Structure formats: C-alpha cells, structure tokens
Amino acid sequence: MTTITFGKAINEGLRRALADDDTVVLMGEDIGTLGGVFRITDGLKAEFGEHRVVDTPLSEAGIVGTAVGLAYRGFRPVVEIQFDGFVYPAFDQIVAQVAKLHYRSRGTVRMPMVIRIPFGGGIGAAEHHSESPEAYFTHTAGLRVIACSNPADAYVMIRQAIASDDPVVFLEPKRRYHVKGEVDLEANLADARPMGVATTVAAGDDVTLVTYGALVQTAKDAATAAAEDDVSIEVIDLRSLAPVDYATIEASVRRTGRLVVAHEAGEQGGVGAEIAASITERCFDFLEAAPVRVTGHDIPYPPAKLEQYHLPDLDRILDGVDRALGRPNSLSEVDA
Amino acid sequence: MTPSDREATGLLTRPDDLVRLLDATGRRHANPEFDPWVADVDVDALVDLHREMVVVRRLDAEATALQRQGELALWPPLAGQEAAQIGSARALHDDDFVFSSYREHAIAWLRGVRPDELLSVWRGAAASGWDPYEKRMAIPNIIIGAQSLHAVGWAMGAKWEASSAASIAYFGDGATSEGDVNEALVFASSFDAPVVFFCQNNGWAISEPVGLQSKQPLARRADGFGMPGIRVDGNDVLAVLAVTRWALDRARRGEGPAFIEAVTYRMGPHTTADDPKRYRTDDDLAEWRERDPITRLHAFLAASGADMEAVDADAKAAADRAAAELRAGITAIPDPEPMSVFDHVYAEPNSHLERQRDRYARYLAMFDESAEGAR
C-alpha cells in the first residue's frame, strides 16, 4: 500500500494502462508538456512520447472525433476534457458517434474510449468550471458513466474504464484531487471489484443514502454526525451511474425502508430522479417514506461566492435524512 | 498558401483554377501537372471507368424506383456525381480507408459493397449494411461532416503506426460550414495526417445554394489551414482520378493532407423526399445535363477509336446484372427480429439493458400465449 493523492492515483492508473497496452493513447488540451491543468497526466508524455500522450488543438469535438477515428483503427483513446463545462462542443461526437457506433455498425466497430472529465464544484472556480453534466450522458444509450470518489477506486477504475470495450464517461471529482488515500499499486484488475458494482462505504440500518463523486465523503461525514444522534445511515457510493447497480441499493432499502439520493447536479431529470423512480418501482412495499433527493438547485452554476448555497453539504444531507425519517426538518411545516 | 509553399507542395494549380482533362464535349486537354498521374490510363481503363459510371447510374435509378414502389423508405440519389465518385474511388488502394457521407453509393460499389448491403439501411431493415473492416469503408454518416474527424483520427493513427495507408473523407459543400470539417482540417494539418479531404461541391445542400456556404471557391479554404487545395471538374472522371491519386500519393509519402473540391452537380433531388422544383429551375438542370460525366467520357472513347458498340453492350450488360442483383437483393433482405432492437447497444453485458430486454420479451410473449389460447 502506498499513500497518494486522488490525482496521483489516476496518474498512476494511466501510466499503468499506457505501459500495459500499446493501443492506449491519451489526448487532450495541455496534457502533454504541461501535464494537464490539474497535472493528472504529469510526466506521461516524457515517459511514453508524444504519440502516446498527445497535446491537441483546442477543439473538444476535434479531440473526441479524431479519437473515434483512432478507435476505428483499433486504438483505445483516453481523452481529457479539461473542465466539465467544456464538454458541450464535443456533445454531438459523443452522443451521435461514440455512443452509437457499436449499435450503428451492428457490433463490428467498437468504441473503447474513455472520456475523462474533472467534474463538480467546490473549488471557487470561474464560470463553466464546476458543472455536473452526468445526466446528459446517463440518458444516452451506449455510454457507461462512472464517477469515482477516492484514490484507491480511482487507480483501479480508470484502468477498468480503459479496458472496457464500451465507451466510458469517466467523471473525476476535481475538488477531491488533493485528498490522500491508501492505494495498492500492485492491484490486479482481475481481482478488483467490477466498476459497475456500487460500494457500501458505511453500514447503517435507518436510512439508505446513495451518492457519488465528491459527495461520498460528505455523506460519510453525515453518517458519522448522525450516529451521535442515534441515527444509523447506510452510505452507498454508486460508482457507476450508468448502469446503476440496483441490486446493492435494493438490498439496502429493503432493510432500511428509506432512501435519500444526493448529488451536486440539479434535481430535474437527474440521476437522483432516476434512482428514486426505479427504487420506488422495485421496492414500493418496503418503503416507509417517499424517496428524498438532496441536489444542487436547477440553476446555472452560480458564481463562486454563491456555490456554498448551491452545493449539498453535510447539513443539507442530514436535513434530507430527517425528511426520510419523518423527523423535524426544514419542510416539516410545509408537509404538515 | 504562399508561392514558396506552393513550390514545396509541387502544386502549380491555383485553387480557383479548375483542373479539367476532358471537357464537356469529351475533348482531351493537356495538363502538364496532372497528365502524369493518369499516364497509365489506357483505353481499357477508360472503358472500365465508363462501365462503372453506367452501372452506378443504373443502380441509382433502380433504387429511386424501388423507393417509389415502397420498397425503400428513402433514397439519396447520386445522379450527376458518378465521375466525382468513381474517379476518386478508383484512386484508392485496397488498404486505404474511406469515411463517407450518405450519398457515396458509387464509392461503396467500388469498395465491393453488394447492392443489398447498400440498400438495407434505406429500407429501414438494418442500422448499417456492411462490415467496415472488410470493405475498408466506414459506415456512412448522416450527421453532416462528422466523419471528416474520424478520417483524420484514423490517419493520425496510420502515421503513428508508420502505415503506408491513407484515409479519405467524403463530404459535401454544405458540410464545409460545419465545425467538425473545419476542426478536422486543423487536426489534419497540425499532425500532418495522411488524409485527403474530398469535397463534392454538387451546388446544393438540400435547397441552399453553395453561395450560402461560401463566397469563394471552397478549395481556397485549404490555404488557411496550411494545405494545398485543388478545384477539379467533378464531372471529368479522368481529372478526378488524377488529382485524387496526386493527393493520396503525397499523403502516403508523409507530405500531409490535401483538400479537393470536385465541382459537380446533383441532378436529382436531395433525397426522394425532396422537391427541387421549389428552389431551382429546369434551365439550371439543362445546363448541367450538357456537362454529363458519362456522355463526355463516351465521346472521348469514341474519338479514341474504341469499339463503341462493344463498349455500350458491355456497360449495359454490367448494369443489367447489377440491377437484377439489386432487385433480387432487396426482397432477400430479411425483416429484423423484434428483439434484435436491443442488439449491439453495448459490447459488454449491461445490467440495465438486459433487464429492459427481458421485460420486453415477457411482454411480447404475452401475445404468443393469447394466440395459443385462442386456438
């Protein structure tokens, strides 16, 4: 075990993938000489060369579109979109080409592409640098959508995503890039938990709290705080947003009878809406209360000095838990 | 492009010149720059080009008729663009790779795509018709210009792998306004990718004339991206063959991308759902009928002393065979199985879709049971 940061874990995962498979090629803006604006690809160009770690012109559609051509040729491109809010120029290539080519080609053309996107807020950034665009991609058939939450997972899951024969949108919670954790750099993919499987990161009996990305740590902190109040929260790190590991959530909700889903993205049409609906369909008879969503507001991402009023934090998550448990909460009078 | 750049590319032609080896009457014009690229094209090769143009025109007419008969949902005719497509496709090597739009039926034909493979998509029976790796031609793209980036990525990979193959991106005049095409030109230039941009300027993007896309010859755009641009008479199969060979050859030799604007005309509608009478006149069409790509090669062959009776009989027989194959092929295309709607969404098992598939299968099975119960 080695203690490294989240960002370094992805760097090591990319290094390992580049070393293990000659068809892996990294593409993106500033990822070569600079090592990426977050230094996630630091040192990789020097180690593997400019044809394996490619600084591209500033064109997201160009990056993803040329990666499609490389995948057609048998490469496994790993593209970096510099910030979440910059992915939209590539949206057509992702939705109409990357996601659909396996289907459109009747299985003859594979798109083993990873689209890495640092996502989410909490770093006091400028506009378009703090978004959570995951629902656009979870709504798109043909894509897998992954959000990792800790260094150990990041190291394994980036390699699993690269090894996948399906295209993966790989969301990295940028505000956790500097968090340290223990990582087993010798970890073998064959023994690793599949990236499509969720992880129960805190056991509990009273309510199931599902989240992903940066909010996993917030949810664990909420569980710790609630325990002092004799409320037992089970926290599930979703890890895969598409497809969702409903078996894990279902098993938990059948015990707790209560579900809270939290994410930074807005509420409407979000991952939480999908999970709330699906769990209601699957576990209706086990539910003691309506599922609760704790999400960002349905607003454009606000200026940095307002983001604390937008992002779900520990207290808002606990308020959601209180709603699920029927304890006094911010909406008690409204509901009454 | 500066004069010295032009010298470096070995290109004397300016992008607003029109490279033409055969004029509309079939008269051969000497061109010291491009004649060498077709020096090997003897009468037999010209007869072959003529036959293939006759065949694809016939296939196109048959497909249009099949759409009228309800056998195809839609068909985008290529009529008028036979020389641009046959000439450029003849320039390709077997290991080159084609990324095309949706009107490149003649390219597909020369890549060995069978008529039923060509038609299954337009019949609505399949998402695509052929294996791209077998034909060395990607499945066509309806999203305008999107494939140009794929061609560049493929070519970047070819270069990194030190392959001698090149890719070619086919798109139309309308596509030159798309971001993807412009971004493809940037990437191709920056990475010296062995790719040829082949723009068939057929005058129209559905109802919009090319003047709405560009105020100047499209080939001039190449200059701004740092690559040579050539305007060729797209109805002159010999000139198209020459310039495409030139562009592919320099790409293969590591000299980077080139842009070809083949000036041609879409004689028919955009698709069988279009009505060109709403936006262009019969006079426009008549003018282009005078420049028919097949007529001029026919005239040149006749003037070259070919046995035209044999040429015509041979071409007609080939077209008849292809048409018969097409008509037999269309009815042989099976209707897809209902549950195949779920096939190939993912390459790997996907728990969400498997559940949805199982549930839909149960739903469909309900009708089987009721049918049995009724008996």
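This one's a predicted model, so the numbers in the text were calculated from it and none came from an experiment.

Draft legend 1. Quick peek at the domain arrangement of chain A. All names here are of chain A. Examined at the domain level, chain A breaks down into domain 1 (2–191) and domain 2 (199–335). Each of domain 1 and domain 2 has a C-alpha centre, and the two are 27 Å apart. With 26 residues of domain 1 at the contact, the number on the domain 2 side is 22 residues. A combined buried area of about 1,800 Å² lies between domain 1 and domain 2, and 53% of that area is made up of carbon and sulfur atoms. The element that contributes the greatest number of residues to the side of domain 1 that touches domain 2 is strand β6 (residues 144–147), accounting for four residues. Broken down by class, the residue content of the side of domain 1 that touches domain 2 amounts to twelve nonpolar, nine polar and five charged.

Draft legend 2. Main features of the sheet that holds strand β3 (residues 195–201) of chain B. Residues and elements named next belong to chain B. The five strands are arranged β1-β2-β3-β7-β6 in an open sheet whose pairing can be described as parallel. Of all the strands in the sheet, just β1 (97–99) and β6 (229–233) have a single pairing partner and so form its edges. Between one strand and the next, the sheet's axes are offset by a mean angle of 20°, whatever the strand orientation. As judged from the five bridges shared by β6 and strand β7 (residues 258–263), these two strands associate in the parallel manner. Along β7, the bridge assignment pairs R231 with E261. The strands touched by helix α7 (residues 146–160) are β1, β2 (167–172) and β3; relative to β2, the strand with the most contacts, the crossing angle is about 170°. Each of β2, β3 and β7 is contacted by helix α8 (residues 179–190), which is oriented at about 150° to β3, the strand it contacts most.

Draft legend 3. Summary view of the UniProt feature "domain: Transketolase-like pyrimidine-binding" (unreviewed entry) in chain A. Sites flagged by UniProt as "domain: Transketolase-like pyrimidine-binding" (unreviewed entry) map to residues 4–179 of chain A. Annotated as 36% helix and 18% strand, the span residues 4–179 of chain A places its first and last C-alpha atoms 8 Å apart.

Draft legend 4. Looking closely at the UniProt feature "domain: Dehydrogenase E1 component" (unreviewed entry) in chain B. The sites that carry the UniProt feature "domain: Dehydrogenase E1 component" (unreviewed entry) are, in the present numbering, residues 51–313 of chain B. What you have in residues 51–313 of chain B is 45% helix and 12% strand, and the ends, taken at the C-alpha atoms, are 10 Å apart.

Draft legend 5. View of the pairing of β6(A). All names here are of chain A. Burial along β6 is two-sided: R144 and I146 and V145 and A147, pointing in opposite directions, are all buried. Note: β6 against strand β7 (residues 168–173), four bridges, orientation parallel. Considered in β7, the bridge of I146 is made with F170. Between the parallel pair β6 and β7, the chain is carried across by helix α7 (residues 151–163), and the sense of this crossover is right-handed. Here β6 runs beside strand β12 (residues 240–242); their pairing, made up of two bridges, is antiparallel. Residue I146 lies in a different strand from β12, and its bridge partner there is S240.

Draft legend 6. Quick look at α7(A). Residue and element names in this part refer to chain A. When the terminal C-alpha atoms of α7 are compared, their 19 Å separation across 13 residues agrees well with the 18 Å that a helix rising 1.5 Å per residue should span. For α7, the tally of buried residues reaches eleven of 13 residues, placing the bulk of the element in the interior. Here α7 has its buried residues at P151, D153, A154, Y155, V156, M157, I158, R159, Q160, A161 and I162. The N-terminus of α7 is capped by N150, whose side-chain oxygen sits 3.2 Å from the backbone nitrogen of A152.

Definitions and limits used
- Residues numbered from 1 in each chain as written.
- Chains lettered and ligands numbered in written order.
- Predicted model: local features only at pLDDT ≥ 70, side-chain atom pairs only at ≥ 80, totals over all residues.
- Heavy atoms only, no water.
- Domains from an automatic or database assignment.
- Contact = heavy atoms within 4.5 Å.
- Buried area = accessible area lost by both parts, 1.4 Å probe.
- Helix = DSSP H or I, 4+ residues; strand = E, 2+ residues; numbered from the N terminus.
- Nonpolar A, V, L, I, M, F, W, Y, C, P; charged D, E, K, R; others polar.
- Pairing = 2+ DSSP bridges.
- Axes fitted to C-alpha atoms, helices over the stretch in contact; angles between N-to-C directions.
- UniProt positions renumbered as here; feature names shortened; annotations may be inferred.
- Buried < 20%, exposed > 50% of the residue type's maximum accessible area, 1.4 Å probe, protein only.
- Right-handed = clockwise from strand over helix to strand, strands pointing away.
- Expected span 1.5 Å × (residues − 1).
- Polar contact = N/O pair within 3.5 Å; in protein donor to acceptor, adjacent residues only side chain to side chain.

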